[in-house]
Amino acid sequence: MRRFNVDGSMNGEHVVKACTTAFPALSKADLYKALKHKDIRVDGKRISSDIKVTGGQEIQVWLPDELFEKELQSRPVENAFSIVAQTDGMLIVNKRQGLAVHSGKTTEDNLIDIVRKQTGNNKAELVHRIDMNTGGVLMIAKDKDYLEDAVKLFKGDLVTKRYRCLVVGRIPKDLGTPVVCSDEALMCEVSAYLEKTRSGEVYIHDVKQEGDLPITTRYRVLGYHEGFSEIECELVTGRTHQIRAQFAHLGYPILGDGNYGRNQVNLNFLSKDGGRIRHQQLWSTTLMFGKIPVENKHHELSGRRFSIEPRYEVEL
């Protein structure tokens, strides 16, 4: 699902045209189908016809993320990933943005199928996932036995995942509690509660409500720039869209995120080539491994750290 607010230039337009203006990758056919199924909402109300909209109204388009990035599906699969590190049982790869990690109803190319094809290993399995529009490092086990031991690393809190991202605004360095991380990095820890509805929508609450799950994220400011900040985040819990939703709730949405942020704000920033920003500026940049028991098949990763540089679309 993506949302946007109707600005003055869209005032009086029909909702389908407004949606294609906000999301150029969407086709009219997809939007008319969404209307038929009442998957478009205007100010929270489901609509079934191509009505006119007025300035200030909020439009929600309940379509899969993949449809908002259709034009990216034709990118060559050989650019889908690069290998950061490899052991007998594990691949650590750097996935490009705009590529789903597994197959879905609206995706043809996906990371795991491409990895299997290019490595000739049909037994390869995803160990964990990142969003389609998030780029960066993730782990792929070479078969199910190696997958089983890789899962044990997460259950034993032996894997630390860090992200780097750009957030809109000048985020303070001290929104939460200062903590010293496992590598002695000083970060600020922020906690809240996450609600995920049956339809998949995510909300963040400061006070726990029935069914909420606790979330905790650590962050530190890496630099301030004109209109945005670069931060590094460490996931303590790993919930759906945790970083995106939590920092938007704090008032600092991820630059380029049209779901938890505002497209009108994102349009104020240009990419390096002078065009619009195509993706959320969020990258999985670091995997750190703790002290892995010798009986675990991935013992050789014990104490190791793997990092990549984010490929932001804007100049820093």
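This text follows the structure it describes.
Residues numbered from 1 in each chain as written. Predicted model: local features only at pLDDT ≥ 70, side-chain atom pairs only at ≥ 80, totals over all residues. Heavy atoms only, no water.

J.: What is the right way to look at the overall build of the chain in this model?
T.: Per the secondary structure count, the chain includes six helices and 16 strands. Over its C-alpha atoms the chain spans a radius of gyration of 20 Å, differing by no more than 12% from the 20 Å that the globule rule assigns to 316 residues. Seen along its three principal axes, the alpha-carbon backbone of the chain occupies a region of about 65 × 45 × 45 Å. Scored against the burial criterion, the 316 residues of the chain give a buried share of 53%. Within the chain, contacts between residues at least 6 apart in sequence are counted, and of these 63% link residues at least 24 apart. Total accessible area computed for the chain in this model is approximately 15,400 Å², and 46% of it derives from carbon and sulfur atoms. Looking at charge distribution, the chain has the averaged site of its 45 positive side-chain charges lying 3 Å from that of its 43 negative ones. (Helix = DSSP H or I, 4+ residues; strand = E, 2+ residues; numbered from the N terminus. Rg over C-alpha atoms; globule rule 2.2 N^0.38 Å. Buried < 20%, exposed > 50% of the residue type's maximum accessible area, 1.4 Å probe, protein only. Contact = heavy atoms within 4.5 Å. Areas by Shrake-Rupley, 256 points an atom, 1.4 Å probe, with all protein chains shown as cover. Lys, Arg positive; Asp, Glu negative; His and termini not counted. Charge placed at Lys NZ, Arg CZ, Asp CG, Glu CD.)

J.: Whenever I open this one, the packing of helix α1 (residues 15-22) against helix α2 (residues 28-36) confuses me. Can you help?
T.: Working note: a packed helix pair is described by the angle between its axes plus the distance between those axes. It is the contact of α1 with α2, at a shortest axis distance of 10 Å, that shows an interaxial angle of 130°. In terms of orientation, α1 and α2 fall into the oblique class. The handedness of the crossing between α1 and α2 comes out as right-handed. Contact residues: V15, V16, C19 and T20 in α1; K28, L31, Y32 and L35 in α2. (Axes fitted to C-alpha atoms, helices over the stretch in contact; angles between N-to-C directions. Parallel < 35°, antiparallel > 145°, perpendicular 65-115°, else oblique. Left-handed = near helix turned anticlockwise from the far one by under 90°.)

J.: I'm lost on the packing of aromatic side chains in this one. Help?
T.: Geometrically, a pair of aromatic rings is defined through the distance of the ring centres and the angle of the planes. Enumeration over the complete set of coordinates arrives at three aromatic pairs. Judged by centre distance (5.7 Å) and plane angle (85°), the rings of Y219 and F247 are edge-to-face. Taken as a pair, Y219 in strand β13 (residues 213-225) and F247 in helix α5 (residues 242-249) lie far apart in primary sequence, 28 residues in all. With 6.1 Å between their ring centres and 80° between their planes, F289 and F306 make a pair best called edge-to-face. Residue F289 is found in strand β15 (residues 282-289), and its partner F306 is found in strand β16 (residues 305-307); the two are separated by 17 residues along the sequence. (Phe/Tyr/Trp six-rings, centres within 6.5 Å; stacked < 30°, edge-to-face > 60°.)

J.: What is the right way to look at the nonpolar core in this model?
T.: Where a protein is soluble and globular, its nonpolar side chains tend to be buried together. In this structure, L111, I140, I171, Y219, I231 and I243 are the most contacted members of the largest nonpolar core, which totals 31 residues. Going through the elements one at a time, β6 (90-95), α3 (111-119), β8 (135-141), β9 (159-168), β11 (186-196), β13, β14 (228-235) and α5 are the ones with two or more residues in this core. Ranked by residue count, the leading element in this core is α3, at four residues. The residues contacting I171, other than those within four sequence positions of it, are Y219, V221, Y224, S229, I231, F247 and Y252. (Core = buried A, V, L, I, M, F, W, Y, C linked by side-chain atoms within 4.5 Å.)

J.: How should unusual backbone geometry be read in this particular structure?
T.: What is expected of a backbone is that most residues other than glycine have negative phi and most peptide bonds are trans. In the Ramachandran plot, K38 falls in the positive-phi region, its phi being about 60° despite a non-glycine side chain. Notably, H241 is not glycine yet its phi reads approximately 55°, a positive angle. For H241, the location among the structural elements is in the loop between β14 and α5.

By themselves these figures say nothing about function.
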